[in-house]
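# Overview (structure and organization)
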Amino acid sequence: MRTKISSTGVSVFPGSLAPGSFLIPHSLALDQANHTLYVADRENGRVQSFNSISGTFLDEIKLPAFGGIVYAVAYNHNIRELYIIYMG
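Now for a description of the structure that goes with this document. Worth saying up front: this structure is predicted, and the values here are computed from it rather than measured. (Residues numbered from 1 in each chain as written. Predicted model: local features only at pLDDT ≥ 70, side-chain atom pairs only at ≥ 80, totals over all residues. Heavy atoms only, no water.)

## A short note on the overall build of the protein chain
- Counting its regular elements, the protein chain contains zero helices and eight strands.
- The helix and strand sequence of the protein chain, counted from the amino end, reads β-β-β-β-β-β-β-β.
- Residue burial in the protein chain is summarised as follows: out of 88 residues, 30% are buried.
- Within the protein chain, contacts between residues at least 6 apart in sequence are counted, and of these 30% link residues at least 24 apart.
- As displayed, the protein chain has an accessible area near 5,500 Å², and 58% of this comes from carbon and sulfur atoms. (Helix = DSSP H or I, 4+ residues; strand = E, 2+ residues; numbered from the N terminus. Buried < 20%, exposed > 50% of the residue type's maximum accessible area, 1.4 Å probe, protein only. Contact = heavy atoms within 4.5 Å. Areas by Shrake-Rupley, 256 points an atom, 1.4 Å probe, with all protein chains shown as cover.)

This is the structure:
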């Protein structure tokens with residue numbers, strides 16, 4: 001039996017949608033100027049963002065267009081855009 005622990009130290013079940021929990025974190029992207037780390041949470045079909053200094057959860061991006069799986073994220077510093085590679 002496996003137990004998942006969220007970033008807050010709380011035990012969560014696999015596939016949980018709790019902020020800060022992951023089911024196969026698959027890719028990272030860093031926006032250095034805004035101190036934001038983006039994480040592709042592959043099997044939960046979303047991207048979560050965190051303050052890259054404190055680790056505090058900021059937000060999630062989860063859209064029906066993702067088709068339930070997000071493979072990768074990338075951040076373009078020149079034009080300040082986040083790219084999300086998804087199944088949909």
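## Remarks on the packing of aromatic side chains
- Under the defined criterion, the tally for this structure stands at four aromatic pairs.
- Centre to centre, the rings of Phe50 and Phe57 are 5.7 Å apart; their planes meet at 75 degrees, and the pair counts as edge-to-face.
- On the basis of relative accessibility, which here comes to 28%, the residue Phe57 falls in the partly exposed class.
- For the pair Phe66 and Tyr86, a centre-to-centre distance of 5.1 Å together with 40 degrees between the ring planes defines the contact as tilted. Pair noted here: Phe66 is in the loop between strand 6 (57-61) and strand 7 (70-76) and Tyr86 is in strand 8 (residues 81-86), with a separation of 20 residues, a long-range link.
- A residue is classified by how much of its surface remains accessible, and Phe66, at 3% relative accessible area, is buried.
- Classification of Tyr86 as partly exposed rests on a relative accessible area of 36%.
- By way of ring pairs, the aromatic residues Phe22, Phe50 and Phe57 are connected into one cluster. (Phe/Tyr/Trp six-rings, centres within 6.5 Å; stacked < 30°, edge-to-face > 60°.)

## So, the nonpolar core
- Within the largest apolar cluster, eight residues are counted, these being Ala29, Tyr38, Ala40, Val47, Phe66, Val70, Val73 and Tyr75.
- For this core, the secondary structure elements donating two or more residues are strand 4 (36-41) and strand 7.
- It is strand 7 that provides the largest number of residues to this core, a total of three residues. (Core = buried A, V, L, I, M, F, W, Y, C linked by side-chain atoms within 4.5 Å.)

## Focus: the environment of Arg46
- As for its position among the elements, Arg46 is in strand 5 (residues 46-51).
- In this structure the C-alpha to C-alpha distance between Arg46 and Lys62, which are 16 residues apart in sequence, comes to 4.5 Å.
- Engagement of the side chain of Arg46 in a polar contact is seen with the side chain of Asp41, the distance being 2.7 Å. (Polar contact = N/O pair within 3.5 Å; in protein donor to acceptor, adjacent residues only side chain to side chain.)

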